[in-house]
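A structural walkthrough
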Amino acid sequence: MNRSAGKLIIVSGPSGSGKSTVVQKLLERCSLPLLLSVSATTRPPRAEEQNGVHYHFLSDKDFENRRQNGEFLECKEVFGRGYWYGTLRSTVSAGLNAGKWVILEIDVQGAMAVLEQEPDAITVFVHPGSMEELERRLRSRATETEDVIRRRLDVAAEEMSYRHLYRHELINIDVDPTVESLCGLLHQYQ
Ligand code: 5GP
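On a predicted model such as this, the values are computed, not experimentally measured, just so you know.

Description of the sheet that holds strand S4 (residues 56–57)
- Taken together, the four strands give an open sheet; going across it, the order is S4-S3-S6-S5, and neighbouring strands pair in mixed fashion. The open sheet has two edge strands with one neighbour each: S4 and strand S5 (72–78).
- With six bridges joining them, S5 and strand S6 (residues 83–88) adopt antiparallel strand pairing. Across the sheet, Phe 72 pairs through a bridge with Leu 88, a residue of S6.
- Its contacts with the sheet put helix H3 (residues 89–97) on S5 and S6, and the angle it makes with S6 is roughly 30°.

Observations concerning the sheet that holds strand S2 (residues 34–36)
- Spatially, five strands are ordered S2-S7-S1-S8-S9 in an open sheet, and the strand pairing comes out parallel. Where the open sheet ends on each side, the last strands, each with one partner, are S2 and strand S9 (168–171). Averaged over all pairs of adjacent strands, the angle between their axes in this sheet comes to 25°, without regard to strand direction.
- Direction of pairing for S2 relative to strand S7 (residues 101–105): parallel, over a ladder of three bridges. The residue of S7 that forms the bridge with Leu 36 is Ile 103.

Parameters at a glance
- Residues numbered from 1 in each chain as written.
- Predicted model: local features only at pLDDT ≥ 70, side-chain atom pairs only at ≥ 80, totals over all residues.
- Heavy atoms only, no water.
- Pairing = 2+ DSSP bridges.
- Helix = DSSP H or I, 4+ residues; strand = E, 2+ residues; numbered from the N terminus.
- Contact = heavy atoms within 4.5 Å.
- Axes fitted to C-alpha atoms, helices over the stretch in contact; angles between N-to-C directions.

Function-wise, these values are silent; they only describe arrangement.
Structure (structure tokens):
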């Protein structure tokens, strides 16, 4: 990967950790030249999601063709639901070449796959402190069936076991201080 002046940042954390909100606010508030890499997925868009903004929504066939062409820095099936997610090499290298600090918001296995290729990536794991708190947050959303919650909790427990492999661990209780800490720690890499 040609990186010139840019940097690669990987943010992971279990579902319910609030990592998407943290990343969104970081983009608004942090003065570094950050760019969020838009992943590709075969999952159908949710009501509020726009193609090319939240994800590049691809058909199974298109995703598979791109996978075989080596267009992904990493890709995998997440949640065992049959949906694929992947980081496009072209997005990351265009950002790095433009001197951006490219953020990948990806799951732990994707993160490990990227780290093998990009060991200097700045890795950050966001979580709510404990599995109890995570369960409380997932349940309070009340949008998922018990089955889905159970499955997400199993995945979350598995993901939490990877947290020591990240350079930074951020406990997200209140989003504003978490965003401030993250912005501060990223500035140390300037
Ligand atoms: P959601 O379907 O809720 O948007 O995302 C589900 C999970 O997929 C999240 O844990 C998210 O971090 C992960 N994810 C999103 N994009 C990618 C990607 O490009 N690669 C990998 N490995 N995981 C991703």
